[in-house]
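Tertiary structure, described
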Amino acid sequence: MTTIEVEDFSLLENYLKGLVPTVIGFALSVIGAALVYVIGVRVIRWMRRLFKKMLNRHNVDEGVCQFLDAIVKVAGYFILILMILGFFGVTTASVVAVLGSAGLTLGLALQGSLSNFAGGVLILLLKPFIVGDYIIEESGKKEGTVQEISIFYTTLLTADHNTVVVPNGTLANNSITNLTKSGRRRLDIRVGIAYDSDIRRAKQVLLQVAEQSVHRLLEEVPLVLVDELGDSSVNFIVRVWTDPDEYWDERWEMTEQIKLALDEAGIEIAFPQLDVHVR
């Protein structure tokens, strides 16, 4: 073996010996970070459960509970990330300095998110709706039952059980129709009968169907009114009041019963017709 080869091997050996403490230190940091992550996740979950129980004991609104729970979750994981970065030599002061220097850029990038956060705060303060209300967002015609009010988004469940996620900023800056805030909901069903049919008899049949409805509110008197004289039909409105949770059941059931009752009474439901006269 030549002198050069011996020196090269010696240099490699010294390099590897010097690298061992670094590798061991990095491995210990990874193990420590993993342990902190596992323990931290459990602590965050425990804190969230404890926080929810405290809010429930004070009868805090469900939407406020969901919003504050989301904030606690984000704050907890942010602190956990800072603790994990500390194992790799990244200090809290360094993170704050980076965030401070990139403040303008982050502000522009997160402008929409900050708007949604502010919208969520306004929703919780002004309470145009709460969890469980059925709302319609007028600009995009999104509607459904409010399931969750989170930091940035509100989750709606539609009548056919689809989930719709709407930004809080959109809900805070546009018109909202709350269909359940009053505790009852009006149902209007439009029915058109042929001009040859007996209007008085049709009105009597429709009123009987409305009065026998199972889901209507008994304290509200049902109404059957002639709404208009259309091009090919006399149009009625059958109006009842119902509980918001039973609105769709009432609508579907009454529509079916109206058709069956009119058929049984021999009253023709109108449909568009065209008369052609040949001279």
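Residues numbered from 1 in each chain as written. Predicted model: local features only at pLDDT ≥ 70, side-chain atom pairs only at ≥ 80, totals over all residues. Heavy atoms only, no water.

1. With respect to the pattern of salt bridges
Inclusion rule: Salt bridges are defined as contacts in which a side-chain nitrogen from Lys or Arg sits within 4 Å of a carboxyl oxygen from Asp or Glu. Elements are defined by DSSP. Helices are runs of H or I of four residues or more, strands are runs of E of two residues or more, and each kind is numbered from the N terminus. A simple rule labels every residue: compare its accessible area, found with a 1.4 Å probe on the protein chains alone, to the largest value its type can have, and call it buried under 20%, exposed over 50%, or partly exposed in between.
Per the stated rule, a full pass over the model turns up seven salt bridges. Across the pair Arg48 and Asp69 runs a salt bridge whose closest N-O atoms are separated by 2.8 Å. Here Arg48, found in helix α1 (residues 3-57), pairs with Asp69, found in helix α2 (residues 62-86); they are 21 residues apart in sequence, far enough to count as distant. This pair shows no difference in class: Arg48 is buried, exactly as Asp69 is. One salt bridge in this structure joins Arg186 and Asp188, with 3.0 Å as the shortest N-O distance. Its relative accessible area of 15% is what places Asp188 among the buried residues. Residues joined by salt bridges that share partners form a network here, namely Arg48, Lys52 and Asp69.

2. A few points about the packing of aromatic side chains
This is how it is decided: Ring pairs shown here join Phe, Tyr and Trp side chains whose ring centres sit within 6.5 Å, with only the six-membered ring taken for Trp; geometry is labelled stacked below 30 degrees between planes, edge-to-face above 60, and tilted in between. As a reminder, the over-ring test applies to NZ of lysine and CZ of arginine, requiring each to be within 6 Å of the ring centre and within 35 degrees of the ring normal.
With the rule as written, the count across this model stands at three aromatic pairs. Pairing Phe67 with Phe117 gives two aromatic rings, centres 5.7 Å apart and planes at 35°, and the pair type is tilted. Pair noted here: Phe67 is in helix α2 and Phe117 is in helix α5 (residues 111-126), with a separation of 50 residues, a long-range link. Ring centres 5.2 Å apart and planes at 85° place the aromatic pair Tyr247 and Trp248 in the edge-to-face group. On the accessibility criterion, Trp248 (28% relative accessible area) is partly exposed. The residue whose ring lies beneath Arg184 is Trp241, and the NZ or CZ to ring-centre distance is 4.5 Å. Above the ring of Tyr134, the side-chain terminus of Arg185 is found at 5.1 Å from the ring centroid.

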